[in-house]
Amino acid sequence: MILKACSISPRTTPYDRSFFFCYAANTAMLVAVSLLFRYEDFVREIGGTVFHLGVIVGTGTTGAILMRMAQGVAIDRLGAKWIWLACLGLYGVSIVWHLQISNLGLQVFCARILMNTSLAGAFGSSIAYVSLRSPPGRVAETVGMLGTSGFVGMAIGPVIGDWLFANDDPTDLQIQSMFYACLIAIGLAIVLVLFSGNSKRSQTKEGLLGVLMIVRDHQPGFLLVVGMAMGLGISLPHSFLRPYVKELGIDELKTFFLCYTIVAFVVRILTRKLPDLWGFRLGILIGLSCLALSMPAYLLVNQTWTLIIPATIAGVAHAFLFPSVIAAACESFPEDHRGIATSIILGMFDAGVLIGAPLVGSLLMMTESAGIAAYPTMFVFVGGLLAM
């Protein structure tokens, strides 16, 4: 069914000046995010292990989950642009906070919670911004095209990261440089958002009870579970690929993420209209199937070039899954509550990370202690969960 409920703009094309400023801002934001795919090096520098990495990453999503609904209401009332700017500013604050941390303690958990909360708001705002400006029947296409900016950013960030970490053993200066590069990218994103157009506000003024009733009446059911699975599968290489390839003697990430982003970008462009034409279920099934298959494919990696095997499968999964799930969630809600709709489904993405990251970290620690092959066990286990 064509997305009438999710589209409010009378225009016939979603690609105007504001969209391209939004696209560039999202690219800069994803450069900052993907620079931190080496976050494990920071955790080890302050005295942590892969177990602490999982707990820190998982705990960081708690703030994002708690703030999702507030962000959704704020987007609907104040406009996506201003919430986007505020969240980018808070993300910059979290980066500065990380620069002050020298040991494993409460501060790193609090800084990560702030980082994830602000990042969640920024992503939700950007998606709501473009979906509100999309013409009838093209919401999934527009959200999908905005998502290609993330692929561009994810291609650039790891290349910069590999260049900054040129030596085999990361130093404190290299880790600080990683965070400073993030700050520069976030500053650029703020400037680009400032030059984008105005965003629409909702005329409704629901309180908390009203919001809960809206969620109760329009929640998309089993799609929420799909959102959790998506969060677990898509986010896993962001945190755990680095320690896995390091164990294999591979000291770079750019091959994986360049292949991942190129494949995802091309597939997204070629299939951008399929969800709106054929329905969301097919796109979701293709995406989830590829995501499950990508997990055992990591076991085929034994040298740098073999990273392209799981990267290709995971890239196809991302290209199909994200726009289909977001647009399907939007269809369940009235047009005045697009911010709530995107916040709900992205909140389930965060819930997948909240549960999955500590689970993966604990599984790796227990299997290592038991003398079992840790990463093969983990990839098979996660692949099985996604298949279910």
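Residues numbered from 1 in each chain as written. Predicted model: local features only at pLDDT ≥ 70, side-chain atom pairs only at ≥ 80, totals over all residues. Heavy atoms only, no water.

Tell me about the overall build of the protein, and please be specific about residues and values.
Helices and strands together make up the secondary structure of the protein, namely 15 helices and 0 strands. For the protein, the residues scored as buried account for 59% of the 388 residues in total. Across the protein, the fraction of contacts at a sequence separation of at least 24, relative to all contacts at a separation of at least 6, is 85%. Within the structure as shown, the protein displays about 15,100 Å² of accessible surface, and the carbon and sulfur contribution to it stands at 70%. (Helix = DSSP H or I, 4+ residues; strand = E, 2+ residues; numbered from the N terminus. Buried < 20%, exposed > 50% of the residue type's maximum accessible area, 1.4 Å probe, protein only. Contact = heavy atoms within 4.5 Å. Areas by Shrake-Rupley, 256 points an atom, 1.4 Å probe, with all protein chains shown as cover.)

Describe the packing of helix α4 (residues 80-99) against helix α7 (residues 172-194), naming the residues involved and giving the relevant values.
α7 packs onto α4 with a crossing angle of 165° between their chain directions and a minimal axis gap of 10 Å. Classified by the angle their axes make, α4 and α7 are roughly antiparallel. At the point where α4 passes α7, the crossing takes the left-handed sense. Facing Lys81, Trp84, Leu85, Leu88, Gly89, Tyr91, Gly92, Ile95, Val96, His98 and Leu99 of α4, the residues of α7 in contact are Gln176, Phe179, Tyr180, Cys182, Leu183, Ile186, Ala189, Ile190, Val193 and Leu194. Partitioning the contact of α4 with α7 into residue classes produces 16 nonpolar, 4 polar and 1 charged. (Axes fitted to C-alpha atoms, helices over the stretch in contact; angles between N-to-C directions. Parallel < 35°, antiparallel > 145°, perpendicular 65-115°, else oblique. Left-handed = near helix turned anticlockwise from the far one by under 90°. Nonpolar A, V, L, I, M, F, W, Y, C, P; charged D, E, K, R; others polar.)

Any chance you could break down the packing of helix α12 (residues 280-297) against helix α15 (residues 374-387) for me, citing the residues and the numbers?
The axes of two packed helices give the description: the angle between them and the distance between them. It is the contact of α12 with α15, at a shortest axis distance of 8 Å, that shows an interaxial angle of 170°. The angle between α12 and α15 falls in the class roughly antiparallel. As for how α12 packs across α15, the hand of that crossing is left-handed. Contacts from Leu291, Ala292, Met295 and Pro296 of α12 reach α15 at Phe379, Val382, Gly383, Leu386 and Ala387. When the residues that make up the contact of α12 with α15 are grouped by side-chain class, the tally is 8 nonpolar, 1 polar and no charged.

Tell me about the side chain of Glu252, residues and numbers included.
By the element assignment, Glu252 lies in the loop between α9 (223-247) and α10 (254-270). The exposure class assigned to Glu252 is buried, which follows from its relative accessible area of 17%. A polar side-chain atom of Glu252 sits 3.2 Å from a polar atom in the side chain of Lys254. Side-chain polar atoms of Glu252 contact the side chain of Thr255, separated by 2.2 Å. Glu252 has contacts with Arg38, Asp162, Val245, Thr304 and Leu307, leaving out every residue within four places of it along the chain. (Polar contact = N/O pair within 3.5 Å; in protein donor to acceptor, adjacent residues only side chain to side chain.)

Describe empty space enclosed by the protein, listing the residues and the values that go with them.
For the structure on display, the rule yields 5 cavities of 30 Å³ or more. Approximately 830 Å³ is the volume found for the largest cavity. Looking at the largest cavity, it is lined by 41 residues, and the ones nearest its centre are Val33, Leu119, Phe123, His238 and Phe349. Here the residues of the lining of the largest cavity are counted per class, giving 28 nonpolar, 10 polar and 3 charged. (1 Å grid on protein atoms, 1.4 Å probe; cavity = no way out; pocket = protein on both sides within 12 Å on 5 of 7 lines; lining within 4 Å. Points joined across faces, edges and corners; volume = space filled by probe spheres on them.)

An account of the nonpolar core is requested, with residue identities and associated values reported.
One finds Phe42, Tyr91, Leu241 and Met378 to be the most contacted residues of the largest nonpolar core, which totals 120 residues. Considering every element that reaches this core, the biggest residue donor is helix α13 (residues 308-331), with 14 residues. For Met378, the contacting residues outside a window of four places in its chain are Leu236, Val360, Leu363 and Leu364. (Core = buried A, V, L, I, M, F, W, Y, C linked by side-chain atoms within 4.5 Å.)

Go over α10, please, and point to the residues and values.
Here α10 is 17 residues long and its end C-alpha atoms lie 24 Å apart, about the 24 Å a rise of 1.5 Å per residue gives. Taken residue by residue, α10 has Phe256, Phe257, Cys259, Tyr260, Thr261, Val263, Ala264, Val267 and Arg268 as its buried positions. (Expected span 1.5 Å × (residues − 1).)

Give me the packing of aromatic side chains: which residues, what numbers.
For any two aromatic rings, the description comes down to two numbers: the centre-to-centre distance and the angle of the planes. Per the counting criterion, the structure on display carries 11 aromatic pairs. Centre to centre, the rings of Phe21 and Phe195 are 6.2 Å apart; their planes meet at 20°, and the pair counts as stacked. Note that Phe21 is positioned in helix α1 (residues 17-35) and Phe195 in the loop between α7 and α8 (208-218), a separation of 174 residues in sequence. Judged by relative accessible area, which is 22%, Phe21 ranks as partly exposed. For Phe195, a relative accessible area of 48% gives the class partly exposed. When the ring of Phe257 is compared with that of Tyr260, the centres are 6.4 Å apart and the planes differ by 55°; the resulting orientation is tilted. In this pair, Phe257 and Tyr260 are both assigned in helix α10, 3 residues apart and thus about one turn of the helix distant. For the pair Phe257 and Tyr260, one class covers both residues: buried. In textbook terms, an aromatic cluster arises when at least three aromatic residues are bridged by ring pairs, as seen for Phe37, Tyr244, Phe256, Phe257, Tyr260, Tyr298, Tyr375 and Phe379. The cationic tip of Lys81 hangs over the ring face of Trp82; the distance from NZ or CZ to the ring centre is 5.1 Å. (Phe/Tyr/Trp six-rings, centres within 6.5 Å; stacked < 30°, edge-to-face > 60°. Lys NZ or Arg CZ within 6 Å of the ring centre and 35° of its normal.)

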